[in-house]
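Structural characterization, general
Each chain is listed here by its residues.
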Amino acid sequence: MKVYDWGEEFFNGYDSLYVSKTHTYFNVKLNSESWSDIYNFDLPEGKSIRIVSDPATSAGVSIAYLAVSLGYDINVSRFFGGPDRKRKRFKFGFNCSLLAVEYYNIHNDGGTHITRFGDKNSPEHMRIDFTGIDTHTQGFDAYVFLNQKRYSQAAAFNFGRYQLRSAGSFFVGVSYFHNSYNFDFSNLPHDMREQLPDTWENYCYNVNTDNYCLRLGYGYNWVLNRHWLIGISESPVLGLQNGHITGNTKPFSASLANRLAISFVWNNKHWFAGVIGRADQGLIYNKKQAYINSDLSFNACIGYRFNLW
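For the rest of this paragraph, the subject is the environment of Ala300. Within the element layout of this structure, Ala300 appears in strand E17 (residues 290–306). Taking relative accessible area as the criterion, Ala300 reaches 26% and is therefore assigned partly exposed. The spatial distance from the C-alpha of Ala300 to the C-alpha of Leu216 is 27 Å, given a sequence separation of 84 residues. What Ala300 contacts, discounting residues up to four positions off in sequence, is Leu30, Asn31, Ser32, Gly274 and Val275.

Note that strand E8 (residues 112–119) and strand E9 (residues 124–130) share five bridges and pair antiparallel. Among the inter-strand pairings, His113 is bridged to a residue of E9, identified as Asp129. Hairpin geometry of E8 and E9 is characterised by an intervening segment of four residues between the two adjacent antiparallel strands.

Moving on, we get to the confidence of the model for the chain. Of all residues in the chain, 94% attain a pLDDT of 70 or more, and the chain-wide mean is 89. Here helix H1 (residues 2–12) stands out as the element of the chain with the lowest mean pLDDT, 67, in contrast to strand E13 (residues 204–223), whose mean of 97 is the highest.

Once that is clear, we can look at the environment of His270. Structurally, His270 can be placed in the loop between strand E15 (252–268) and strand E16 (271–285). Classification of His270 by relative accessible area gives partly exposed; the value is 37%. When sequence neighbours within four positions are dropped, the list of residues in contact with His270 reads Thr24, Gly303, Tyr304 and Arg305.

Glancing now at the pairing of strand E4 (residues 56–65). The side-chain alternation of E4 yields one buried face, formed by Ala56, Ser58, Gly60, Ser62 and Ala64, and one unburied face, formed by Thr57, Ala59, Val61, Ile63 and Tyr65. Two elements, strand E2 (residues 26–43) and E4, share 10 bridges in a ladder whose sense is antiparallel. Of the residues in E4, the one forming a bridge with Lys29 is Ser62.

Next up on the list: the nonpolar core. One finds Phe41, Ile51, Phe183, Phe185 and Tyr205 to be the most contacted residues of the largest nonpolar core, which totals 22 residues. Listed by contribution, the elements that provide at least two residues to this core are E2, strand E3 (47–53), E8, E9, strand E12 (167–184) and E13. In terms of residues, this core owes the most to one element, E2, which gives three residues. Here Phe183 is in contact with Tyr39, Phe41, Ile51, Phe130, Gly132, Ile133, Thr135, Tyr203, Cys204, Tyr205, Asn206 and Tyr291, once residues within four sequence places are set aside. Grouped together as the second largest cluster of nonpolar side chains are 11 residues, Ala156, Leu229, Val265 and Ile276 included.

This paragraph deals with the side chain of Arg193. If you trace the backbone, Arg193 turns up in helix H3 (residues 190–193). Buried charged residue Arg193 carries no salt bridge. Nearest counter-charge: Glu194, at 5.4 Å. Within the structure, Arg193 has its side chain in polar contact with the backbone oxygen of Leu188 (distance 2.6 Å). Residues within four places of Arg193 in sequence aside, it is in contact with Phe185, Ser186, Leu188 and Tyr203.

A few words now on the environment of Arg127. With respect to the helices and strands, the residue Arg127 is situated in strand E9. In this structure, the C-alpha to C-alpha distance between Arg127 and Ile114, residues 13 residues apart in sequence, is 5.6 Å. When near neighbours in sequence (up to four residues on either side) are disregarded, Arg127 contacts Asp54, His113 and Ile114. In this structure the side chain of Arg127 is engaged in a polar contact, spanning 3.4 Å, whose partner is the side chain of Asp54. Engagement of the side chain of Arg127 in a polar contact is seen with the side chain of His113, the distance being 3.0 Å.

Cut-offs and rules
- Residues numbered from 1 in each chain as written.
- Predicted model: local features only at pLDDT ≥ 70, side-chain atom pairs only at ≥ 80, totals over all residues.
- Heavy atoms only, no water.
- Helix = DSSP H or I, 4+ residues; strand = E, 2+ residues; numbered from the N terminus.
- Buried < 20%, exposed > 50% of the residue type's maximum accessible area, 1.4 Å probe, protein only.
- Contact = heavy atoms within 4.5 Å.
- Pairing = 2+ DSSP bridges.
- pLDDT = per-residue confidence, 0-100.
- Core = buried A, V, L, I, M, F, W, Y, C linked by side-chain atoms within 4.5 Å.
- Lys, Arg positive; Asp, Glu negative; His and termini not counted.
- Salt bridge = Lys/Arg side-chain N within 4 Å of Asp/Glu carboxyl O.
- Polar contact = N/O pair within 3.5 Å; in protein donor to acceptor, adjacent residues only side chain to side chain.

What follows is the structure in C-alpha cells.
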C-alpha cells in the first residue's frame, strides 16, 4: 500500500490549489472530428506545388472508464458530398501528471487535388485531381512535464482534470517516427512535368526515413473562470533522419517538425464540452528544395461524467 501511495503521488500528484480530480470514474461523450492534409513543395527556379486532401469528417460516441475507452464513429462527409473513404488516422495517448505518451498512424492514398503549381510568386491556381499519392507516417512521442504539480495537460485536452488556477509547464522528451512519402507526377500534362526538378527520376518524389528526435515544448492553461479554460501547447521536434530522400545525396540529414494544439474547454458540474484544434507539421529541406507536410484537425465534443458506484 505504501508503494502504491508513493507511486500515485509521484506520477499523478497535483497541487490542490491549481488542479483537482473530477471525482468520477465514467464519462460518455459525443464527438465530431474533421481533418485535412496539405503538402507543399518549394522547388528550384522559383517553382512551387501545393496538394490538398479533401476534408474528412467523422461523428461518433464513446464511453470511458478511467483510462479505458470504447467508441464508434462513422464517416459523415459522404452524406454532404465529401470523400467516401475509410478513416485512415489512428491516434492513441496516455498521460498522468508527470508524463505523456502518444502514438499515431496516418495514411493517405487518395482524395487529393493539386491546387497550386508553377511560379511561386505568381502561381497558377487550379483544382486537378491527383491520384499519384501514397503517404504514411507512424511514430510515438514520450515526454515529461517539469511543472507537473500545477499544470495539467489532461484538463485542457482530455477532460480528465480541472485546472483551478492558470499555470504552465515546460516539457521535454523523445520522439521517433517513420515517414514514407511517395508522389508520382508522371500522369500530369507534359508542360507541368517539365517544370519538375531534374533529380526527380520518372517525375517521382520519394521519402523513406527513420527520425530520431528530441521534443521540447511548453504548455499553458489559462483559467478564465470556474467554467471556462483555454489551453495551448507548442513543441518543436528536432533531431536526425536516416534514409532515402529524393534529391538528397547523404543518408543523414536534419529532422524538423512541430506540434501545436489549442483547446477551449467548458465544465459545469458533471457536464463538459470542448473544441480542440491541432496542427502537426514536418519539414524536409536541402539547398535546392523543401517539402512541408501539414496535418490539420479539429475536434468538437460534449460529454457527461458519472459514477455507477
